[in-house]
Amino acid sequence: METSEWNDAKQMGPFLLNAAVALLRSGASSDRIRINVERLAAVSQHTLQISVSPLAIALSLTDVSGHILYNGTGTIPAQGVNFQVVSGISHLSWDVCEGKVGETESWEKLKEILAKPHYNRWLLLLVVSIAGAAFCYTFGGNASEMMIGFFATFFGLFCKQELVKHSYNTYIITYVSAVTAGIFVGFMHLIFPQLKMEHAFSTCVLFLVPGVPLINSITDLIEGYTLNGVARGVSAFLHALAIASGLVTVLFLFNII
Amino acid sequence: MEIALSILAKAFWCGFAALGFGMLFNAPVRALHFIWIGGFLAGIIKFGLMLTALDGGIVFSSFAASVGVGIASIPVAHRSHVPPVIFSIPAVIPLVPGAFAYKTMMGFMKLTSAETESYAQTLGDTFHNGSLTLFIIIAISLGVAIPMHVLRKASVKKIRFGGRG
């Protein structure tokens, strides 16, 4: 590959910006975004400046004498976790850095990474429901609670998938999904009052746990991206609040409290 | 023997909890078996420390489990050309203190009702559960993040293993 083919900043800039925005949208930590984009930019002779905000990226490319060659910003509507994108762009950045792919091919590979589909919906429902039952077991639930946890997770995630299609507010989606999963356990409690439900009830909403924002929040704080760390922490807290509110609603509806 | 089987069974299911989250996060197919192993490892360390004579306590056990997963994810990432967070984040999700968070929330709700004889007891229990939830979450997050920072490398590709360059 000719390194010089990367030296048109008008081509390089949008490529870097697209990669950075995709990483931000897919749940990469702030420093990971910077490292990946810097690795991609290292193939050219330009100097990269990048600023990562909670919902936006700003980057510029300058030449050796400090003249700005490209300035660009990109925003995302909301964050959603997609590790295929994080992994794919990381891989691509090494390929570009090691000179294995050229400019045109890199654009195509980036488009390919972004177009990769999610897992099949029904397979996801099955596996995540098994995970719900697994959570129930690890917290001390018995076989009947695991079964209830399985179906509660199934209906909760099904509801979440439907709501995501309609692009509702992310916290409302979490709340309604928690209510749906909880209502299933509530009905089971009405039908089989002799069965213990505590573990099933407390673990049926764990598929909604904002694990990635939570861990990224701490990672960002450690790495000095305080603003992003706080923003992600607050987002994770609001999700936790939505889950708790969902469960409280169910307890109220079934007159358990 | 019974304790060992109980630890193995819990770790086995931790693997499936991790796998479910791996797929929910759309992790690449080639990473899924490592995610299951990561969840299993987290379960073995956490319950191994908690349920045996070591009696490590849940906060320390969760921290040790997430550090273990964080360290294990580095050579795996090196081999499979996938960033370590792809394995480590789903693998530590089974350590999330869902039951304690639930008990905390229930406790706070009870505290909103009129003062009863058991008010002080509820207050104490709620703060106990809330503190556990908070510190376990911090322990998990720090545990995953620390191994990379202790090694002080920007990328796992720059960490060398043995004689291979």
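Residues numbered from 1 in each chain as written. Chains lettered and ligands numbered in written order. Predicted model: local features only at pLDDT ≥ 70, side-chain atom pairs only at ≥ 80, totals over all residues. Heavy atoms only, no water.

### Notes on the overall build of chain A
Now for step 1: Helix and strand counts for chain A stand at ten helices and three strands.
Now for step 2: Beginning at the N terminus, the succession of helices and strands in chain A can be written as α-α-β-β-β-α-α-α-α-α-α-α-α.
Now for step 3: C-alpha atoms of chain A, sized along the principal axes, occupy 75 × 35 × 30 Å.
Now for step 4: Long-range contacts, defined as pairs at least 24 residues apart, comprise 68% of the intrachain contacts of chain A with a sequence gap of at least 6.
Now for step 5: For chain A, the exposed surface amounts to about 11,300 Å²; the carbon and sulfur share of it is 63%.
Now for step 6: Computing the positive centroid from 14 side-chain charges and the negative centroid from 17, chain A places the two 8 Å apart. (Helix = DSSP H or I, 4+ residues; strand = E, 2+ residues; numbered from the N terminus. Contact = heavy atoms within 4.5 Å. Areas by Shrake-Rupley, 256 points an atom, 1.4 Å probe, with all protein chains shown as cover. Lys, Arg positive; Asp, Glu negative; His and termini not counted. Charge placed at Lys NZ, Arg CZ, Asp CG, Glu CD.)

### Describing empty space enclosed by the protein
Now for step 1: Taken as a whole, this structure holds one cavity of 30 Å³ or more when the rule is applied.
Now for step 2: Of the pockets and cavities examined, the largest cavity occupies roughly 50 Å³.
Now for step 3: Around the largest cavity, the lining residues are A:Gly211, A:Leu214, A:Ile215, B:Val92, B:Ile93, B:Val96, B:Ile137, B:Ile140 and B:Ser141.
Now for step 4: In the lining of the largest cavity, the residues fall into seven nonpolar, two polar and no charged. (1 Å grid on protein atoms, 1.4 Å probe; cavity = no way out; pocket = protein on both sides within 12 Å on 5 of 7 lines; lining within 4 Å. Points joined across faces, edges and corners; volume = space filled by probe spheres on them. Nonpolar A, V, L, I, M, F, W, Y, C, P; charged D, E, K, R; others polar.)

### A look at the pattern of salt bridges
Residue and element names in this part refer to chain A.
Now for step 1: In total, this model carries seven salt bridges over all chains according to the counting rule given.
Now for step 2: For the salt bridge of Arg-121 with Glu-162, the shortest nitrogen-to-oxygen distance reads 2.7 Å. Of the two residues, Arg-121 sits in helix 5 (residues 121-138) while Glu-162 sits in helix 6 (residues 143-165), which places them 41 residues apart along the sequence.
Now for step 3: When its relative accessible area of 22% is taken as the criterion, Arg-121 is described as partly exposed.
Now for step 4: Glu-162 is paired through a salt bridge with Lys-165; the nearest N and O atoms lie 3.2 Å apart. With Glu-162 and Lys-165 both in helix 6 and three residues apart, the pair spans about one turn of that helix.
Now for step 5: On the accessibility criterion, Glu-162 (25% relative accessible area) is partly exposed.
Now for step 6: The structure contains a network of salt bridges with shared partners spanning Asp-31, Arg-34 and Glu-38. (Salt bridge = Lys/Arg side-chain N within 4 Å of Asp/Glu carboxyl O. Buried < 20%, exposed > 50% of the residue type's maximum accessible area, 1.4 Å probe, protein only.)

Take it as geometry only, folks, not as evidence of what the structure does.
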